[in-house]
Amino acid sequence: MSNAIAIDYRNTNVIRKLGIDALTKELGPAGMAYFIQQYDRGEGDYTSERESLLADVSMDSLMSELEAMRQQGQ
């Protein structure tokens, strides 16, 4: 009698989880993250997106928001 578990290799979620688990076991969490970063470069133009998202953000507004959060106990 075998203790083998049948794996549905067509299920990408199962394969992804098993792969992440195996990498984490062998490389540790940080090593797994560095390994994944080599293959997942993302998409889009980060620089232009960052500039448009942060166009209206200033250091003063960030500091004000942080101070308000501190006062509220967050």
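Scroll up to find the structure.
Below is a summary of the structure that appears in this document. Bear in mind that the values here come from a model prediction, so they are computed numbers and not experimental data.

## Quick look at the packing of aromatic side chains
- By the definition in use, this model includes 1 aromatic pair.
- Considering the side-chain rings of F35 and Y39, the 5.1 Å spacing of their centres and the 50 degrees angle between planes classify their relative orientation as tilted. With F35 and Y39 both in helix α1 (residues 12-39) and 4 residues apart, this pair spans about one turn of that helix.
- What makes F35 partly exposed here is its relative accessible area of 30%.

## Focus on a nonpolar patch on the surface
- Together, L53, L54, V57, M59, L62, M63, L66 and M69 line one region of the surface with nonpolar side chains, adding up to about 770 Å² of accessible area.
- When residues of the nonpolar patch are assigned to their parent elements, the largest contribution, 5 residues, is made by helix α3 (residues 59-71).
- Along the chain, L66 turns up in helix α3.
- Using a relative accessible area of 40% as the deciding quantity, one classes L66 as partly exposed.

## Concerning the pattern of salt bridges
- All told, the structure shown has 3 salt bridges when counted by the stated rule.
- Note that D8 is salt-bridged to R10, the shortest N-O span being 3.3 Å.
- Take D8: its relative accessible area is 35%, and that puts it in the partly exposed class.
- According to the relative accessible area criterion, R10 is exposed, its value standing at 74%.
- Across the pair K17 and D21 runs a salt bridge, and its minimum N-O distance is 2.7 Å. You can see K17 and its partner D21 sitting in helix α1, 4 residues apart, about one turn around the helix.

What counts, and where the lines are drawn
- Residues numbered from 1 in each chain as written.
- Predicted model: local features only at pLDDT ≥ 70, side-chain atom pairs only at ≥ 80, totals over all residues.
- Heavy atoms only, no water.
- Phe/Tyr/Trp six-rings, centres within 6.5 Å; stacked < 30°, edge-to-face > 60°.
- Helix = DSSP H or I, 4+ residues; strand = E, 2+ residues; numbered from the N terminus.
- Buried < 20%, exposed > 50% of the residue type's maximum accessible area, 1.4 Å probe, protein only.
- Patch = residues over 30% accessible without salt bridge, like charges linked within 9 Å, V, L, I, M, F, W, Y side chains within 5 Å.
- Areas by Shrake-Rupley, 256 points an atom, 1.4 Å probe, with all protein chains shown as cover.
- Salt bridge = Lys/Arg side-chain N within 4 Å of Asp/Glu carboxyl O.

Taken by themselves, the reported measurements are silent on function.
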